[in-house]
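Here's the letter readout for the chains.
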Amino acid sequence: MFGYILKRIGVAFLTILLIMVITFLLMNAIPGSPFLTEKSTPEMIARANAKYGLDKPLIVQLGNYILNYLKGDLGTSLKMQEGTAVTKIIFQEGKFALSFRLGVCAVIVAVLIGIPLGCLAAYNRGKWIDSVLRVITTLGVAVPSFVLCALLLIFLGVKLNWVPVISGSLETGKSYIAPVLGLSFYPMCYIAKLTRTSMLDAINQDYIRTARAKGLKTRVIIFKHALRNSMIPVITYLGPMTAGIVTGGFVVEQTFQIPGLGKYFISSILNRDYPIIMATTVVLATLVILMNLVVDIAYKLVDPRISLTKKGEN
Amino acid sequence: MKKFIALLLVFCMVFALTACSKGANNGGTPATEAPAAEPVVITACIASEPETIDPTMISSVDGNTYVNHLFEGLLRYGSTGKAAADDPKMNSAELELGQAKSYTVSDDGLVYTFTLRDDIFWSDGQPVKAQDFVYSWQRVCNPDQAADYGYLLADVSVAGAEEVYYDGAAPDTLGIKALDDKTVQITLLAATPFFDQICAFGNLMPLRQDVIEAYGDEWTSPEHMVCNGPYVMKEWVHDSYISMVPNEKYYDQSRIGPDEIKWYLSDDENAILASYKSGEYDFIETFPSDQIASLKASGDYYVLPSVTTYYLYINSENLPDWRVRAAITLCIDREHIVENVTQGGQIPATSLVTGGITDSAGNLWQNGTGYKEIMWAGLAAMYPDADLSTYAGRCELAKELLAAAVADGFDTGITIPYRFNNLGTHGAIAEAVQQDVNSVLGLNMTMDSTEWQVYTSTLETDRGWDVCRLGWQADYLDASSFLDLFKTGGAYNFSHWSNPDYDALCNKYKTMAGGAERDAVMYEAEGLLFSEGGFGVSPIYYYTNSYCLNKNVKGAATSTLGFFLFNEATK
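## Some words on the overall build of chain A
Thought 1: A tally of regular secondary structure across chain A gives 14 helices and zero strands.
Thought 2: For chain A, the succession of helices and strands along the chain, N to C, is α-α-α-α-α-α-α-α-α-α-α-α-α-α.
Thought 3: Seen along its three principal axes, the alpha-carbon backbone of chain A occupies a region of about 80 × 60 × 30 Å.
Thought 4: A buried classification covers 49% of the 314 residues belonging to chain A.

## A look at the overall build of chain B
Thought 1: Looking only at helices and strands, one finds 18 helices and 19 strands in chain B.
Thought 2: The globule rule puts the C-alpha radius of gyration for 571 residues at 25 Å, and the 26 Å found for chain B is close to it.
Thought 3: By principal-axis analysis of the C-alpha atoms, chain B measures approximately 90 × 75 × 45 Å.
Thought 4: A total of 571 residues make up chain B; the buried ones form 57% of that total.

## A closer look at the sheet that holds strand β2 (residues 75-83) of chain B
All names here are of chain B.
Thought 1: Read from one edge of the open sheet, four strands run β2-β3-β18-β19, paired in mixed fashion. Edge strands, defined here as strands with exactly one partner in the open sheet, are β2 and β19 (564-565).
Thought 2: Bridge count between strand β3 (residues 90-97) and strand β18 (residues 556-559): four bridges; the pairing is parallel. When the sheet's bridge partners are listed, Ser92 is paired in β18 with Thr558.

## Focus: the sheet that holds strand β6 (residues 176-180) of chain B
All names here are of chain B.
Thought 1: One open sheet accounts for four strands, arranged β4-β5-β7-β6; its pairing is antiparallel. Since the sheet does not close on itself, it has two edges, and those belong to β4 (100-105) and β6, each with one partner. Shown here is a sheet whose adjacent strand axes are inclined to one another by a mean of 20°, direction ignored.
Thought 2: As paired strands, β6 and strand β7 (residues 183-187) are joined by four bridges and run antiparallel to one another. By the bridge assignment, Lys177 is partnered in β7 with Gln185.

## What to know about the interface of chain B and chain A
Thought 1: On the side of chain A, 50 residues touch chain B, which itself brings 56 residues to the contact.
Thought 2: Summed over both sides, the interface between chain B and chain A buries roughly 4,600 Å², with carbon and sulfur atoms accounting for 57% of that surface.
Thought 3: Between chain B and chain A we count four salt bridges in total.
Thought 4: In this structure, the salt-bridge partner of Lys79 of chain A is Glu51 of chain B, at a minimum N-O distance of 3.7 Å.
Thought 5: For the interface between chain B and chain A, the tally reads ten residue pairs in polar contact (both at pLDDT 80 or more).
Thought 6: For the side of chain B that touches chain A, the secondary-structure elements that each account for two or more residues are α1 (2-27), α5 (161-167), β10 (260-265), α8 (269-277), α15 (452-458) and β16 (467-473) of chain B.

## Things to note about the pairing of β18 of chain B
Residues and elements named next belong to chain B.
Thought 1: Judged by which residues are buried, β18 turns out to be covered on both faces: Ala556 and Thr558 on one side and Ala557 and Ser559 on the other are all buried.
Thought 2: Bridge analysis of β18 against β19 gives two bridges, and the strand direction is antiparallel. Bridging across to β19, Ala557 finds its partner in Leu565.
Thought 3: Where β18 hands over to β19, the hairpin turn is made up of four residues, of which Gly562 adopts a positive phi near 95°.

## Some details on the nonpolar core
Thought 1: Trp137 and Phe566 of chain B are the most contacted members of the largest nonpolar core, which totals 166 residues.
Thought 2: Here this core takes eight residues from strand β12 (residues 301-314) of chain B, the largest share from any one element.
Thought 3: When residues no more than four places from it in sequence are discounted, the contact partners of Trp137 of chain B are Leu74, Leu153, Leu174, Ile176, Ile186, Phe195, Cys199 and Leu204 of chain B.
Thought 4: Listed in part, the 50 residues of the second largest apolar core include Ala106, Leu170, Val180 and Ile208 of chain A.

## A short note on the confidence of the model for chain B
Thought 1: With 93% of its residues at a pLDDT of 70 or more, chain B shows a mean pLDDT of 90.
Thought 2: Among the scores for the predicted complex, ipTM is 0.71 and pTM is 0.81.

## Points about the pattern of salt bridges
Thought 1: Applying the stated criterion across every chain yields a total of 30 salt bridges over all chains.
Thought 2: The shortest N-O distance in the salt bridge between Lys88 of chain A and Glu218 of chain B comes to 3.2 Å. Taken together, the residues span two chains, with Lys88 of chain A in helix α4 (residues 86-92) and Glu218 of chain B in the loop between α7 (209-215) and β8 (231-237).
Thought 3: Residue Lys88 of chain A is classed as buried on the basis of its relative accessible area, which comes to 19%.
Thought 4: Glu218 of chain B sits in the partly exposed class, given a relative accessible area of 26%.
Thought 5: The shortest N-O distance in the salt bridge between Glu335 of chain B and Arg394 of chain B comes to 3.8 Å. Placement of the pair is Glu335 of chain B in helix α11 (residues 334-342) and Arg394 of chain B in helix α13 (residues 391-407), with a sequence separation of 59 residues.
Thought 6: By relative accessible area, Glu335 of chain B is classed as partly exposed at 32%.

## Describing unusual backbone geometry
Residues and elements named next belong to chain B.
Thought 1: Of note, the phi angle at Ala146 is positive, near 50°, even though the residue is not glycine.
Thought 2: With respect to the helices and strands, the residue Ala146 is situated in the loop between α3 (130-141) and α4 (152-155).
Thought 3: Located in the positive-phi region is His496, a residue other than glycine, with phi close to 60°.
Thought 4: The residue His496 is located in the loop between α16 (480-483) and α17 (500-510) in this model.

## Regarding the packing of aromatic side chains
Thought 1: Applying the stated criterion across every chain, the model contains 43 aromatic pairs over all chains.
Thought 2: Ring geometry for Tyr112 of chain B and Phe195 of chain B: centres 4.7 Å apart, planes at 50°, overall tilted. Of this pair, Tyr112 of chain B sits in strand β5 (residues 111-116) while Phe195 of chain B is found in helix α6 (residues 195-198), placing the two residues 83 residues apart along the sequence.
Thought 3: Residue Tyr112 of chain B is classed as buried on the basis of its relative accessible area of 8%.
Thought 4: On the accessibility criterion, Phe195 of chain B (0% relative accessible area) is buried.
Thought 5: Plain terms: the ring middles of Tyr418 of chain B and Phe420 of chain B are 5.8 Å apart, the flat faces sit at 75° to each other, and that makes the pair edge-to-face. The pair formed by Tyr418 of chain B and Phe420 of chain B is uniform in burial state, with each residue classed as buried.
Thought 6: Through a chain of ring-to-ring contacts, three or more aromatic side chains come together here, namely Tyr66, Trp263, Phe283, Tyr302, Tyr547, Phe564 and Phe566 of chain B.
Thought 7: Directly above the ring of Tyr165 of chain B sits Arg47 of chain A, whose terminal nitrogen or CZ lies 4.3 Å from the centroid.

## Brief notes about the side chain of Arg272 of chain A
Thought 1: Counting through the fold element by element, Arg272 of chain A comes out in the loop between α13 (261-271) and α14 (274-302).
Thought 2: For Arg272 of chain A, the side chain forms a polar contact with the main-chain oxygen of Pro31 of chain A, separated by 2.9 Å.
Thought 3: When residues no more than four places from it in sequence are discounted, the contact partners of Arg272 of chain A are Ile30, Pro31, Gly32, Ser33, Pro34 and Ile277 of chain A together with Glu451, Gln453 and Val454 of chain B.

## Observations regarding the state of the cysteines
Thought 1: This structure, assessed with the given rule, holds zero disulfides over all chains.
Thought 2: Here Cys548 of chain B is not cross-linked by a disulfide; its sulfur's nearest cysteine counterpart is in Cys45 of chain B, at 12 Å.

## Notes on the pairing of strand β17 (residues 537-549) of chain B
Residue and element names in this part refer to chain B.
Thought 1: Burial analysis of β17 places twelve of its 13 residues in the buried class, the great majority of the element.
Thought 2: Relative to β17, strand β11 (residues 283-284) runs antiparallel, the two being bridged by two bridges. Residue pairing for β17: Phe283 is matched across the bridge by Leu549.
Thought 3: Pairing geometry for strand β13 (residues 347-348) and β17, over two bridges, is antiparallel.

## What about the environment of Leu216 of chain A?
Residues and elements named next belong to chain A.
Thought 1: Turning to its location among the elements, Leu216 is positioned in the loop between α9 (206-213) and α10 (218-229).
Thought 2: On the basis of relative accessibility, which here comes to 34%, the residue Leu216 falls in the partly exposed class.
Thought 3: Spatially, the C-alpha atoms of Leu216 and Leu194 are 25 Å apart, while their sequence positions differ by 22 residues.
Thought 4: When residues no more than four places from it in sequence are discounted, the contact partners of Leu216 are Ala211, Ile221 and His225.

## Some words on the packing of helix α1 (residues 2-29) of chain A against α14 of chain A
All names here are of chain A.
Thought 1: Across the interface, α1 lies against α14 with an axial gap of 9 Å and an inter-helix angle of 150°. Comparing the axis directions of α1 and α14 gives the class roughly antiparallel. In this structure, α1 meets α14 at a crossing whose hand is right-handed. Where α1 abuts α14, its residues Tyr4, Ile5, Arg8, Ala12, Thr15, Ile16, Ile19, Met20, Thr23, Phe24, Met27 and Asn28 lie against Tyr274, Ile277, Met278, Thr281, Val282, Ala285, Thr286, Ile289, Asn292, Leu293, Asp296 and Ile297.

Conventions adopted
- Residues numbered from 1 in each chain as written.
- Chains lettered and ligands numbered in written order.
- Predicted model: local features only at pLDDT ≥ 70, side-chain atom pairs only at ≥ 80, totals over all residues.
- Heavy atoms only, no water.
- Helix = DSSP H or I, 4+ residues; strand = E, 2+ residues; numbered from the N terminus.
- Buried < 20%, exposed > 50% of the residue type's maximum accessible area, 1.4 Å probe, protein only.
- Rg over C-alpha atoms; globule rule 2.2 N^0.38 Å.
- Pairing = 2+ DSSP bridges.
- Axes fitted to C-alpha atoms, helices over the stretch in contact; angles between N-to-C directions.
- Contact = heavy atoms within 4.5 Å.
- Buried area = accessible area lost by both parts, 1.4 Å probe.
- Salt bridge = Lys/Arg side-chain N within 4 Å of Asp/Glu carboxyl O.
- Polar contact = N/O pair within 3.5 Å; in protein donor to acceptor, adjacent residues only side chain to side chain.
- Core = buried A, V, L, I, M, F, W, Y, C linked by side-chain atoms within 4.5 Å.
- pLDDT = per-residue confidence, 0-100.
- Phe/Tyr/Trp six-rings, centres within 6.5 Å; stacked < 30°, edge-to-face > 60°.
- Lys NZ or Arg CZ within 6 Å of the ring centre and 35° of its normal.
- Disulfide = S-S within 2.5 Å.
- Parallel < 35°, antiparallel > 145°, perpendicular 65-115°, else oblique.
- Left-handed = near helix turned anticlockwise from the far one by under 90°.

Here it is as structure tokens:
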């Protein structure tokens, strides 16, 4: 297991390096400049490029990025917070922490509600409760998040005044409600659908019949035997979902005016703030890779039959 | 599995405890504490996160607005106490003495000498000195600083600015000197009638060299920033809000209003409007265009003139026959665009120089005596039988001009690509123009929409467009701010239109003192833009500044350049 994790970390480094190269090439391929404003001229942009070393050959710039990253220096913002260290923006000013806090809440809500709902639907297959849950979960995965967020904003914030319209830095419990709902609704519904499908599959397995024949209670059969084995597809989804939710709540952050990383990532692309684009991409990629590693290890915990290595070593 | 669930539960409990403790810290008030008077807090949202609030580096309206609250120049914009338009809560702000208590201008208009007030201090208690202005002006002009407005001082004829900015001469050769701690002297190469406006320009606020050198780019963070304006920055939560509180060292405490001004940073129009409706914002100036009608009906929506023109470039290289360019300009139904597309009270343009700018006699530029509707005046002289006062009449002339061009070989089978950036109403305006060009002239106009950065950075490098859009806001209230755009080789002359006579007139008014004679030269220049050989530009409308302001707020102000001021507001 330890050897496997080390190997995966090595591969992760190479993956991140590749992501850096691709991101660097892509962001330099699209037209624009961090110094482009409504009143900037080509001369002004050339001067600013020279000031920040953007006039050097691309290969030199890329080499500098990689060397600096190895030293832990993610560079400084060129536009959005000109001159401020990117590490300070992302970590010390709390952008990552804010997105992380919001994302973790959303993951918890999605998992704690989604899985029981899926079990409930499977347990009551074909009954009215299953039908209602199927409609809700189908609606949940079909409605775009910007529509849901706008509805939450208008009804919970403006009409009913139950929650603040501006969630800001999530300083009160109330300010969590609408963004967490907005962020968790889709994964919650998706998890419920996944759980229902895999649960129904598990219920028809021989070992469940055996358990029934032994006279175990249905509740024990569902939650102790069937649920554990139907968790594999859910866990597969949880890894990238967690990374996505924690860092990719752009619409939610934009709608509820939360100064998190998702919103900042999009702004950095629109503003061509290259160091921020690079840093946020690397942070997100690292998180996705990390979550996939966690998922692989979780597989092993859930189902000991799964082997993490080629030779089937444990 | 049990371990997994246990871990999950522990995580939930830790998180819940953390959240609860946060709530208690923020929301809890000790029971023994006596209730304090409610502080007056004005909340406003005028834009998303500013690129910078370093006065030297700002170039946006929002950046200028923040800087105008934190800093004060030799002159300043102060509330007149009179309503700016039909909203009694919003006063006009006019130019008045700021950090200078007086100034003199030499007889030839070339030397300005400012005497600073004795009671002006920085927020850290240090006195404001003449050297702080010299440092700031040299900093903006220094090409190494790469400021967007680095060219400004050269543009307004400050001595030595051209050499410093364009040729890399030493910044201390700039024509601004500190004669002593309280006297600033500025030398110009040519009389600049609007130079007093420059002395209140956001980029030219005084700055503390020692602070900037000590903290580098981070000098604008709240813990380091030292200000000389009515407010100081208390907090800047990036992408969330900027909080300003009164500057206790400001000399004119009687003109300080709210206990806090909180500028929320957002660009989501729906969220901004929702926040205004829920009472969380007192002031907003962006709204979804489909909500404007209901806002107007609610009585919360006000419109002020703006010194900005929305116009189209018509590519003079791709469409070399001026009659085709004139026909496109004539056939655009500007009234339809402002009434049905933009709906924000914009005014159909009849000149490039925007509404709000006046000539030396104080007449609105587009209504100047003898120069009304300058966009059509040249054609009216050439085609006296045409009725250019009505849209139908203009369409008739457009057809006539196109027919003449066709007779000389213009191929009506070509497509006319219209390029625009995919934001706001630009697409809808493009569709309206496309409809007019197609229905009136029978020409095939195609739409080419791109993201803003791609759009602006490829206007010069990819010239496959025939028509494209841009808006221009005046930097100062003078027609030259617009006319300079179309000089041959100008950075913003994207249509590559060129006329030596026009260039000569531009160079001429640059050297003239203000007055009717200079106005005439500028009017003549603008006339050339819309005469035979012209029409590289097609103005569409003059922008307006629309806003919603909480009914309880009084004493807010707006300058003619469109900056809103809340430092004297009450609630």
